[in-house]
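Breakdown of the fold
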Amino acid sequence: MGAHDIYNFKENQLKTRLAYNINQKKLFQDIDKIPELYGAAVVFIDSNYTITELRPFDPSCSLNPIKVILREPPKLMHQKEFAGHLKGSQGNIRESKLVGELAGTVLSCGAAFLGWIAVFGSSAAIPLTGGTSAAVTYLAVGASTASSMQCGNGLYRVYNERRNPEMNDFLDSNEWYQDITTALDIISLAGAAAAGAATLKTVKLLMANSSKSTSAILKGLSRAEKKRLTQDIIRSNHPGISNKLLKNLVKSGRYPKRYSGIKITQSLKLQLKDAIGASMSFSGSALSGNVNSIAVGIYEELAQ
Amino acid sequence: MKDEEEKGSLLFPPWRLMGRFLLVTMMLIAGTAFSGGIIFSLYLEITLKCQVGILFSTIGVFCIVNFRVTRGSFFCANILKYYALILACVCIPSLLLEQDYLFTLFNVFLMLSAYYLISGETYQKLVQYQHDFFEDIKEARELVEKEIERAHKNKRG
């Protein structure tokens, strides 16, 4: 089946639908009652841009062809926007864009906010996580910087939307601008992936040291488990360390006998926050950035 | 004060201190974006590419400096303080140049508030807290390394 056949099929489907939905006879009569529109062609465009001619132009009363076009709002365009678009007024579109810009900015800034909490805390978790948190910290800094840039970019766009709206249209039309937002999205997503991996690694480490379920681990560990976990963390920090030296270090008070439950759960909370922060970066970019098209794709799939 | 010391034993610094840091961070990001908009629309006539480049570079540098603050750098905290002041000062002449001055006034207020908050006791306490924290980690690491080295020497001996 070729593209032309598919289009014909769609057109026929549309015609069948309209035959049920519109009283075409009455519509044509009403149009013909208007002297200027007598004999005008009637064309219908649906939300998928399928075009069908309901009635051809009758040249008996006018030399110049007249067409009455009936058009459904495009699927992805809000009704209000569509009305504004048809009127040729940009006011409503601009208003909707400002709301969209603000929503994207709030998400990006929220992501930056959470990202900075993660940066703050992950550096403090270095002693507990045996150095793994240090790498995550730098990834978190990268993700936070990307989110901060998105936040700044969003605020700059809000400023432009208020003062010079054409500037945003011009920005959107540039390929390099799309490339920059792509790069920022990738960095944010890399941060999300790293945070997710680090969270899984920590939970795995905890699970390996406990017979409890994940939910039970997240709530806390028993005293003996905490002691064992602490020893494992110290060993992973210093692979060459012996049990005797370890005991001496614990005795001398240089290593803690065990980490408190609150410290362990704080560390997990921190990594979860990082993961949420990075996923919010993703949501922020989904509204105004590169991931936009992917997000729409998903919504379409869900709608079907 | 006692409460803060208790909280200091946890992984996060006291929330009051961290909240102040986050507030200042958000204010400075907003100030950078708004001041950028004001500067580009009133003072500088440069291409859009340059505008976006300058904006992103400034935020990037800001993030690096801000990260150093989370590591307890007083020098970087001072840089941020004067950065906020510069952004406020840069926007003041635009109050005379444009008719719609409310937005600019808001930005100037935002930046002066950021300057005030960074100079405040709470923000400085946070920097001090982080500074002490990382000094302690450094000290503990050095001690552990010495112990391990000694243990290895004894093993060989």
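This paragraph deals with the overall build of chain B. Each helix and strand in chain B was counted, giving 6 helices and 0 strands. Ordering the α and β elements of chain B from the N terminus gives α-α-α-α-α-α. Put simply, chain B has 157 residues, and 32% of those count as buried. Looking at chain B alone, contacts between residues at least 24 apart form 73% of all its contacts between residues at least 6 apart.

This part covers the nonpolar core. Of all hydrophobic cores here, the largest spans 59 residues; its most connected members are Leu 155 of chain A together with Ala 33, Ala 84, Met 111, Ala 114 and Ile 118 of chain B. Where this core is concerned, the elements lending two or more residues are helix H4 (91-124), helix H6 (132-163) and helix H8 (175-208) of chain A together with helix H2 (15-42), helix H3 (48-70), helix H4 (74-97), helix H5 (102-119) and helix H6 (121-156) of chain B. Filtering out sequence-adjacent residues up to four positions away, Ala 114 of chain B remains in contact with Val 24, Met 27, Leu 28, Gly 31 and Ala 84 of chain B.

Attention shifts here to the packing of H4 of chain B against H5 of chain B. All names here are of chain B. For the pair H4 and H5, interaxial distance at closest approach is 8 Å and the crossing angle is 160 degrees. The pairing of H4 with H5 is recorded here as roughly antiparallel in orientation. Here the hand of the crossing between H4 and H5 comes out left-handed. On H5, the residues touching Ala 77, Leu 80, Lys 81, Ala 84, Leu 85, Leu 87, Ala 88, Cys 91, Ile 92, Ser 94 and Leu 95 of H4 are Thr 104, Leu 105, Asn 107, Val 108, Met 111, Leu 112, Ala 114, Tyr 115, Ile 118 and Ser 119. The class makeup of the residues in the contact of H4 with H5 is 16 nonpolar, 4 polar and 1 charged.

All names here are of chain A. Inspection of the sheet shows strand E1 (residues 41-45) paired to strand E2 (residues 51-55) by 4 bridges, in the antiparallel sense. Directly across from Val 42, in E2, lies its bridge partner Arg 55. Between the antiparallel neighbours E1 and E2 lie 5 residues, among them Tyr 49 with a positive phi of about 65 degrees.

With respect to the element layout, Asp 132 of chain B can be found in helix H6. On the neighbour-count criterion, Asp 132 of chain B (12 C-beta atoms within 10 Å) is exposed.

Take the pairing of E1 of chain A next. Residues and elements named next belong to chain A. Judged by which residues are buried, E1 turns out to be one-sided: Val 42 and Phe 44 face inward and are buried, whereas Ala 41, Val 43 and Ile 45, on the alternate face, are not. As judged from the 5 bridges shared by E1 and strand E3 (residues 67-71), these two strands associate in the parallel manner. Residue pairing for E3: Phe 44 is matched across the bridge by Leu 70.

Moving on, we get to the confidence of the model for chain B. A residue-level look at chain B finds 86% of positions with pLDDT of 70 or above and a mean pLDDT of 84. Both scores are given for the predicted complex: the pTM is 0.60, the ipTM 0.88.

Thresholds, definitions, all that
- Residues numbered from 1 in each chain as written.
- Chains lettered and ligands numbered in written order.
- Predicted model: local features only at pLDDT ≥ 70, side-chain atom pairs only at ≥ 80, totals over all residues.
- Helix = DSSP H or I, 4+ residues; strand = E, 2+ residues; numbered from the N terminus.
- Buried ≥ 20, exposed ≤ 12 C-beta atoms within 10 Å, placed from the backbone.
- Contact = placed C-beta atoms within 7 Å.
- Core = buried A, V, L, I, M, F, W, Y, C linked by C-beta atoms within 7 Å.
- Axes fitted to C-alpha atoms, helices over the stretch in contact; angles between N-to-C directions.
- Parallel < 35°, antiparallel > 145°, perpendicular 65-115°, else oblique.
- Left-handed = near helix turned anticlockwise from the far one by under 90°.
- Nonpolar A, V, L, I, M, F, W, Y, C, P; charged D, E, K, R; others polar.
- Pairing = 2+ DSSP bridges.
- pLDDT = per-residue confidence, 0-100.

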